[in-house]
Each structure stands twice: as structure tokens, then as C-alpha cells.
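An overview of the molecular structure
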Amino acid sequence: MLTRRQFIKVGIAGAALLAATRYLDQPLAAPADSYRVLNEKSAAIVRALVPVVLAGSLGDEASRARNVADVVAAFDRAVSGLAPAVQEELAQLFSFLSFAPSRMAFAGLWTRVDEATAESLKAFLTRWRHSRFNLQRQGYEALTQLIQAAWYGNEASWNAIGYPGPPDVTERP
């Protein structure tokens, strides 16, 4: 069992690791012109995770690429509406997943997220979902819930779930 002193040391080491990862990854992150918050690396991570999180929901092959792009754009819009502190935490999570040493050690992904197979991404998400570490479970929740919200806010998903769309609120004379 951890003593209070060991717990504090582990917490400080974890914070230092996250800060170092963010600092080392930040200069490599190219800003994306088409997004409000996401950079190219974080957009690629979301783009890779969307088909795994929404398995079977994205429609046929013809509409799949468009739906994935729509979900990434909606994810970006959703994150842009969050508090700056939450945006920074998500940026740290994306840096953590794009920086090779931290990705390999704590996510168990030996290849970049955007190059990983669907099976390895699913295994990674499952490990984080059932992790004994709260930080990994929170990372899982943040990624999957934002992706799901971005999809179910998309008109293309409404027919499959039986949602007729928002009510018409136009003024009547």
C-alpha cells in the first residue's frame, strides 16, 4: 500500500511526465487550418478512433469517409465549446497518444494511432476502459463520449436510431 509520501511522489512524477510529453510534442504539432482546436496529429488520432468507437454505425463504404470527416469536424466544434482548462487536458491526452514513448508505455500501442489496426485500437480502448488507473478510464471516457456525441449530433445518424430530427420552431403568423 502506498504511503502518503509515495502517493505525492507518484502524483508529481505523473504531472511531470504529462508536462514533458506536452512540451516535447507541441513543437511537432502542425496547426490545422480547417479546425478550431485540433491540430493535424490530434485530428488524425480522432479520425483513426472514429471507426472503432462507432463500429457498424457509419453506414456503407460510399458514405463512410464523409461520415468520419463529419464526426472529426463535430468533435472539434464540441471541444472548442469546452472550458480552456478542459481543452488543455484534451491536448495533453492527444500529445500523450502521439508521443511514441508515452504511447508505447501507457497505451500499449507500438505504432502511431493513425497507423494502428482496428483490433489494436479496440484492445487499447478496452484496456483503458477497464484500467485500475482513473486517468486512463477518464481518457477513455473523454475520447469515446465526445466521438459518440459528435456522431449522434450528425443528421446522417438520425435515421438509424429513429430520431425524426429537431422540431420545427419557425414562427407562425
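Residues numbered from 1 in each chain as written. Predicted model: local features only at pLDDT ≥ 70, side-chain atom pairs only at ≥ 80, totals over all residues. Heavy atoms only, no water.

A surface patch of nonpolar side chains, amounting to about 300 Å² of accessible area, comprises Tyr152, Ile161 and Tyr163. Along the polypeptide, Tyr152 turns up in helix H7 (residues 134–152). In this structure Tyr152 comes out as partly exposed when scored by relative accessible area, which is 38%. (Patch = residues over 30% accessible without salt bridge, like charges linked within 9 Å, V, L, I, M, F, W, Y side chains within 5 Å. Areas by Shrake-Rupley, 256 points an atom, 1.4 Å probe, with all protein chains shown as cover. Salt bridge = Lys/Arg side-chain N within 4 Å of Asp/Glu carboxyl O. Helix = DSSP H or I, 4+ residues; strand = E, 2+ residues; numbered from the N terminus. Buried < 20%, exposed > 50% of the residue type's maximum accessible area, 1.4 Å probe, protein only.)

When pLDDT is averaged along the protein, the result is 85, and 84% of the positions lie at 70 or above. Per-element confidence in the protein is highest for helix H6 (residues 118–129), whose mean pLDDT is 96, and lowest for helix H1 (residues 4–25), whose mean pLDDT is 65. (pLDDT = per-residue confidence, 0-100.)

Taken as a whole, this structure holds two salt bridges when the rule is applied. Asp114 serves as the salt-bridge partner of Arg112, at 2.9 Å between the closest nitrogen and oxygen. For Arg112, a relative accessible area of 43% puts it in the partly exposed group. Salt-bridge contacts for Arg112 lead to Glu115; the nearest nitrogen and oxygen are separated by 3.5 Å. Taken together, the shared-partner salt bridges connect Arg112, Asp114 and Glu115 into one network.

Attention now goes to the packing of helix H2 (residues 40–53) against H7. The interhelical angle for the contact between H2 and H7, taken along N-to-C directions, is 80°, at an axis separation of 10 Å. When the interaxial angle is binned, H2 and H7 end up roughly perpendicular. Where H2 abuts H7, its residues Val46, Leu49, Val50 and Val53 lie against Leu143, Thr144, Ile147 and Gln148. Taken together, the residues of the contact of H2 with H7 break down into six nonpolar, two polar and no charged. (Axes fitted to C-alpha atoms, helices over the stretch in contact; angles between N-to-C directions. Parallel < 35°, antiparallel > 145°, perpendicular 65-115°, else oblique. Contact = heavy atoms within 4.5 Å. Nonpolar A, V, L, I, M, F, W, Y, C, P; charged D, E, K, R; others polar.)

Look at helix H4 (residues 84–98): 21 Å from first C-alpha to last across 15 residues, which is about the 21 Å you get at 1.5 Å a residue. Listed as buried for H4 are Leu90, Ala91, Leu93, Phe94, Ser95, Phe96, Leu97 and Ser98. (Expected span 1.5 Å × (residues − 1).)

Glancing now at the nonpolar core. Within the largest apolar cluster, 37 residues are counted, with the highest numbers of intra-cluster contacts made by Leu49, Val50, Phe75, Leu97 and Ile147. For this core, the element with the most residues is H2, which contributes eight residues. Apart from the residues within four sequence positions on either side, Phe75 is in contact with Leu38, Val46, Phe94, Leu143, Leu146, Ile147 and Ala150. (Core = buried A, V, L, I, M, F, W, Y, C linked by side-chain atoms within 4.5 Å.)

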